[in-house]
Amino acid sequence: MGFLVSCILVMALICQSHSHSGSPQARIKRYQETPWSDPNDCTQPRQPLIMSNPFNFSVDIRMPGVLPTSSDSYYCVAVPVPTSREAYIVDFVPHASMDTAHHMLLYGCRAPYSTKGFWDCGTEQGTCQDEAKIMYAWARNAPPTNLPKDVGFKVGGDTQITYFVLQLHYGDVNSFRDHHRDCSGLTLRMTSKPQPYVAGMYLMMSLDTVIPPGKTVTNADIACTYLSYPMYPFAFRTHTHRLGKVVSGYRIRNGQWMLIGRQSPQLPQAFYPVSNAIDVRYGDTLAARCVFTGEGRTGKTRIGGTSNDEMCNFYIMYYMDNKHAVPYMDCMDHGTSGLFRGIPAEASVPIPVSPDKLVSMVHGSAHRDGEDDSELKQPKRDEEEVPDQGAHLEEKAGWPEVQLQLGQVSGLALDSSENLIIFHRGDHRWGVNSFDSNAIYQQKALGPIQQSTILVVDPVKGSVLKASGRNMFYLPHGITTDKDNNYWVTDVALHQVLKLSRDGKDTLLLTLGEAFVPGSDHGHFCQPTDVAVDPDTGNVYISDGYCNARVLKFSPEGKYLTHWGAGYLDRRRRGPFRIPHSLAFAPDKRELLVADRENGRVQCFMADTGEFVKEIKKDEFGGEVFAVAYAPVHSGLIYVVNGESPYGNFAPLQGFMLNYSTKEILDTFAPETQKFKMPHDIVVAKDGSVFVGDASSDSVLKFVPSESVLYFTPSLLSEAEHRSVKKGGIEVQEIEETETFVQANLKPIQKSASQSAEAAVLKLPATVQEEGVLAQHSSTPEEKEKSSSTGASAAQGLSPAVLTTLLLLLPLLLVIAVGAFVRWKKGRMYGDGHEVKLEPSGSSGGILGKLRGKAAGTLNLGNFFATHKGYTRQGFDRLSTEGSDLEKDDEDATDSENEEYSAPPPPGISSQ
């Protein structure tokens, strides 16, 4: 009896085990535990279909243990779509090694060349008997192709895709010398749930291009008018054979060419993310160009499917709304004869490819083209194409050569002569009591700023050439110039944008907004921050601002045209601007760049339409971007300065230089003589010089590329000649100093603390003016502590001569230290030495104050006396052409660290 009971229990356990292993959950678990990540492991049987729930499943497509016998072999295998109803591919998971497979393609069709086993598809058989639709591409060293969320390729049902065909290209047969078999492939993650958006492929191909032998360049141009519902490109792929140099694709709208993607077809031919986030609408034109060379060929090369033929294909992977989706489209037309005269020059510049990355392509199916011959533009030299990675921006020591009397520096600009224009606030300062919760200015009784708020400064010397803007502004903010050198400025207290004449006579040419009246309609602003002017059309763009989350566009005469809010990368997640703080115009790209301050990003828009193009956001920014500038060199350079974030995202305050196309940070820079406190605006000159205005330290700093780079540029030579003419008697001495400076800059950029301390000692100033500057920068407790901690270690390696010099300078340093302490003590007693920043709040129109940093000062005597009409503080009103060289009174030289506040996040604004 006991034996019988034992047998029954054993049988029950066996049945239960089989029951668990047969459930969908158990199958999924077993699949996850055996991922088959090794493509060469062909020992385990694989289940082609894995169900995770009634809606979601995975399809595994693998090579059935193939052993290629020759290089450049193409093998294919077909797997049926596992459902007759519609289903969606939502993800691709490749299982391949670059040591084995060169590239892998997935096609969809109804009639593959074979449905049993695998076949050689590099011969006449090919992949499908009917039209093969490419759906995925994997290649070594190429990024993976990821579909956006809620996007899927529709298969099965009435889609004409009932089979998947996987094609593997085995480039080098030497990887199979050990006679192992290959099981490379991929897993398709699928769902039967309808997706909101359907992925598709737009194929642009040339069919009749003929490449003459020995001809340097032949262009194959393709263009079609788009006549369907809106589509949204998110990836692209280029394809040629060995003669292709570069393939580029564009969307053309209103005559403006917008890059979709550009790549060398000799690099891994996978799908790459699109260059710009754009849409394609009815009536747009899609255009592509393939650049070929016939050098090395003895006969004509035509479009065809063999390795001796050529192909010109540009694939656009896109998504559309499911209700109107057209999953596969193509374009085979040449386009009009004059269309490609406006194609950007980059389309004719080959992309250099190192020999170790060259690919050999045999894959093909019959396709077409239009022929065009033009001069092949050779790739620019490295120093012209991309800024030298050693071209580090460094602070220009001793600039300005004269002392500028500045208040809070809020805006910078350049005129057509490359003179620097400074917009500052004189004796007015923006603090927590400047505005009430409705953004109404509370200090009108102070009257307008009596000092000259607009200074035109020599960019080389720093001397004041012209001064204007007295008794006009209350709290200046942004400034720019138009093609006629007129000034466009914003005043956050006035809530206005003003256009002033260039003659320095304060002639008011145009006023936008109502004085002291905030608003959000087309005739009012609320603390507008900056202005940009289109040099071609004269149209005016205004960032508005602290209360409103929008950019407005006006005609040159001040007529309202349109406005828009923030762009978005994800259609389902729209976020407004959080203080559009600074604007820059990119004339070569016809784009407007917006520094979205509290979102810590730069957003780019088409200037003519307001269409969102791209976003640049880096962790290095630390959460805030205060200002942006643009230089149309090296295919576009973007300069930004960051700021302190109230949300705990700490990052050093510094400037950044970025590549427009790749968004890569090429350089970071910060001053050495002082620290950035609140870098508020930035401009870049044609010679590469960069100016940064700091609103907290009341200063403007100049940065120049390292001398080792600038030494050979005409701008540097002209500056050297200028200095030698002005100071002919000391020309030799200046040349010697320049050579010494060049040698110093050949050292690594990063310096140790001891090196910095030693350099500070060796660069002790020789003039009383420079001594004052040193005293000012050495007076902070942090720097004194750092100096004392590093001085001992640095002194150990000093020579006797240097040590003697230091001993002789000790009395002078002691006097300077005492003076600095007295001045610091005064600043603590009378200065407005605190940082104020109001964080965004959830209440509509409410402003919450947050004090950060040092203790708040309680009295500002300058503002108190300035409330009396006609009063001017002694020695302050020096900002004029007559008295620009006078010294600043010590009593008024407070280093205020009042920081502008962050307004609460405004409600979202619909784009127009």
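Here the structure is a predicted model, which means the values were calculated and not measured.

What counts as what
Residues numbered from 1 in each chain as written. Predicted model: local features only at pLDDT ≥ 70, side-chain atom pairs only at ≥ 80, totals over all residues. Heavy atoms only, no water. Helix = DSSP H or I, 4+ residues; strand = E, 2+ residues; numbered from the N terminus. Contact = heavy atoms within 4.5 Å. Areas by Shrake-Rupley, 256 points an atom, 1.4 Å probe, with all protein chains shown as cover. Pairing = 2+ DSSP bridges. Axes fitted to C-alpha atoms, helices over the stretch in contact; angles between N-to-C directions. Phe/Tyr/Trp six-rings, centres within 6.5 Å; stacked < 30°, edge-to-face > 60°. Buried < 20%, exposed > 50% of the residue type's maximum accessible area, 1.4 Å probe, protein only. Lys NZ or Arg CZ within 6 Å of the ring centre and 35° of its normal. Polar contact = N/O pair within 3.5 Å; in protein donor to acceptor, adjacent residues only side chain to side chain. Core = buried A, V, L, I, M, F, W, Y, C linked by side-chain atoms within 4.5 Å. Disulfide = S-S within 2.5 Å.

Looking now at the overall build of the protein. Helix and strand content of the protein: eleven helices and 48 strands. Long-range pairs, those at least 24 residues apart, make up 69% of the contacts in the protein between residues at least 6 apart in sequence. When the accessible surface of the protein is split by element, carbon and sulfur atoms take 54% of a total near 41300 Å².

The strand order β32-β33-β34-β35 describes an open sheet built from four strands, whose pairing is antiparallel. On the outer flanks of this sheet lie β32 (528-533) and β35 (560-564), each paired with one strand and no other. Taken over all neighbouring pairs, the strand axes of this sheet differ in orientation by 20° on average, direction set aside. Across four bridges, the pairing between strand β34 (residues 550-554) and β35 is antiparallel. Across the sheet, Leu-552 pairs through a bridge with His-563, a residue of β35.

To continue, consider the packing of aromatic side chains. Here the structure, examined in full by the defined rule, presents 33 aromatic pairs. Both rings, one in Phe-525 and one in Phe-554, keep their centres 6.1 Å apart while their planes meet at 65°; by these two values the pair is edge-to-face. Residue Phe-525 is found in the loop between β31 (508-512) and β32, and its partner Phe-554 is found in strand β34; the two are separated by 29 residues along the sequence. Considered together, Phe-525 and Phe-554 belong to a single accessibility category, that of buried residues. Taken together through their ring pairs, the aromatic side chains of Trp-430, Phe-435, Tyr-441, Tyr-474, Phe-516 and Tyr-546 make up a single cluster. We note Lys-444 situated over the ring of Phe-516; from NZ or CZ to the ring centre the distance is 4.4 Å.

Let us look at the environment of Arg-251. Within the secondary structure layout, Arg-251 lies in strand β15 (residues 244-253). Considered as a pair, Arg-251 and Thr-225 are 26 residues apart in the sequence and their alpha carbons are 9.9 Å apart. Residues within four places of Arg-251 in sequence aside, it is in contact with Gln-256, Trp-257, Met-258, Ile-260, Ile-278, Asp-279, Val-280, Asp-284, Thr-285, Leu-286 and Glu-611. Within polar-contact distance, the side chain of Arg-251 engages the side chain of Glu-611 at 2.7 Å.

Here the focus is the nonpolar core. Grouped together as the largest cluster of nonpolar side chains are 55 residues, with contacts concentrated most on Ile-61, Ile-89, Phe-153, Val-155, Phe-164, Leu-188 and Met-190. Tallying contributions element by element places strand β3 (residues 73-80) first for this core, with six residues. Beyond its immediate stretch of four places on either side in the chain, Ile-61 contacts Val-77, Val-79, Leu-106, Phe-164, Leu-166, Ser-184, Gly-185, Leu-186 and Leu-188. Counting 50 residues, the second-largest nonpolar core is a separate cluster that includes Tyr-202, Tyr-226, Ile-616 and Tyr-660.

One pass over the structure, following the stated rule, counts five disulfides. Two residues share a disulfide in this structure: Cys-526 and Cys-547, whose sulfurs sit 2.2 Å from each other. With the S-S bond torsion at -60°, the cross-link from Cys-526 to Cys-547 turns out left-handed. Taken together, the residues Cys-526 in the loop between β31 and β32 and Cys-547 in the loop between β33 (540-544) and β34 connect sequence positions 21 residues apart. Cys-526 sits in the buried class, given a relative accessible area of 6%.

Most of strand β5 (residues 103-109) sits out of view: seven of its seven residues are buried. Residues His-103, Leu-105, Tyr-107 and Cys-109 line one face of β5 and the alternating positions Met-104, Leu-106 and Gly-108 line the opposite face, and both faces are buried. Where β5 lies against strand β7 (residues 133-139), six bridges are found, and the strand directions are antiparallel. Bridged to His-103 within β7 is Ala-139. In this structure, β5 lies alongside strand β9 (residues 163-170), joined through seven bridges in antiparallel fashion. Residue pairing for β9: Met-104 is matched across the bridge by Leu-168.

Take the environment of Gly-65 next. With respect to the helices and strands, Gly-65 occurs in the loop between β2 (56-62) and β3. According to the relative accessible area criterion, Gly-65 is buried, its value standing at 11%. In the structure, Gly-65 is positioned 118 residues away from Cys-183 in sequence and 5.0 Å away in space, judged by C-alpha atoms. The residues contacting Gly-65, other than those within four sequence positions of it, are Cys-42, Arg-181, Asp-182 and Cys-183.

A cis amide bond links Trp-399 to the next residue, Pro-400, at an omega of -5°. Along the chain, Pro-400 falls in the loop between β23 (393-395) and β24 (409-414). Here the residue pair Asp-544 and Gly-545 is connected by a cis peptide bond, since its omega of -10° sits within 30 degrees of zero. Although it is not a glycine, His-495 sits at a positive phi angle of roughly 60°. Located in the positive-phi region is Lys-663, a residue other than glycine, with phi close to 65°. Relative to the elements of secondary structure, Lys-663 occurs in the loop between β42 (655-659) and β43 (665-669). Lys-663 gets classed as partly exposed once you look at its relative accessible area, which sits at 26%.

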